[in-house]
Amino acid sequence: MDKLIPNILPLINRYKYVLIVIFAGLLLMLLPGKQETPAASVPITENTRNMEDQLEEILSKIYGVGRVEVLLTQAQGERTIYVCDEHSSLSGDSDSHQADTVIITDEYRAQKGLVSQVLPPVYLGAVIVCQGGDQPSVKLAVVEAVCDATGLSADKITVLKMK
């Protein structure tokens, strides 16, 4: 043991910066970090099925595509925004704010919220399988059409050849 320590000290002095970097890396690996979970897709709604069917119909009309199947994944489904009646009041040191949804009654005496707007679904990605999927010109045409129809960027769309 006495002979080991004099042999190790020169090595530690020589490689002290390398050892510091290694220990810092090990320390950082042991620290818990924020773990990002991939965005979960929302269950497919009837509107998404309709959009898939419409895309299949229109894409099949593009020259060279042939038979086509479309799969869309959603990050967020369709959202409905309702009209709200907002009240604010100041009393002394406190400030209160209240928002109530405007309710309407139809001819059958059913009550429902007054709709302000309906936001379309937000898509995560698209997979298109078609007979002409191996031709670059067909891929480009399909990607451009799906980009325009869904608002997805080209890197979120995959076009593959059908078997």
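That block above? That's the structure.
This report concerns the structure included in the present document.

Reading the values: rules and limits
- Residues numbered from 1 in each chain as written.
- Predicted model: local features only at pLDDT ≥ 70, side-chain atom pairs only at ≥ 80, totals over all residues.
- Heavy atoms only, no water.
- Pairing = 2+ DSSP bridges.
- Helix = DSSP H or I, 4+ residues; strand = E, 2+ residues; numbered from the N terminus.
- Axes fitted to C-alpha atoms, helices over the stretch in contact; angles between N-to-C directions.
- Contact = heavy atoms within 4.5 Å.
- Core = buried A, V, L, I, M, F, W, Y, C linked by side-chain atoms within 4.5 Å.
- Buried < 20%, exposed > 50% of the residue type's maximum accessible area, 1.4 Å probe, protein only.

1. Focus on the sheet that holds strand β9 (residues 157-161)
In space, the 3 strands of this open sheet follow the order β1-β8-β9, with mixed pairing throughout. Strands at the two margins of the open sheet, each flanked by one partner only, are β1 (68-76) and β9. Each neighbouring strand pair of the sheet contributes to a mean axis angle of 15°, computed without reference to strand direction. In terms of strand pairing, strand β8 (residues 122-130) meets β9 through 5 bridges, oriented parallel. Opposite A126, over in β9, you have I157 as the bridge partner. The strands that helix α4 (residues 136-150) touches are β1, β8 and β9; relative to β9, the one it contacts most, it runs at about 145°.

2. Let's talk about the nonpolar core
The biggest cluster of nonpolar side chains holds 19 residues, and the ones touching the most others in it are L59, I128, V142, V146 and I157. The element that contributes the greatest number of residues to this core is α4, accounting for 5 residues. L59 has contacts with V65, V68, V70, I128, V142, A145 and V146, leaving out every residue within four places of it along the chain.

3. Points about unusual backbone geometry
Most peptide bonds are trans, and most residues other than glycine sit at a negative phi. Non-glycine residue R109 carries a positive phi angle of around 65°. Looking at the secondary structure, you find R109 in the loop between β5 (103-105) and β6 (111-113). Residue classification places R109 among the exposed positions, given a relative accessible area of 75%.

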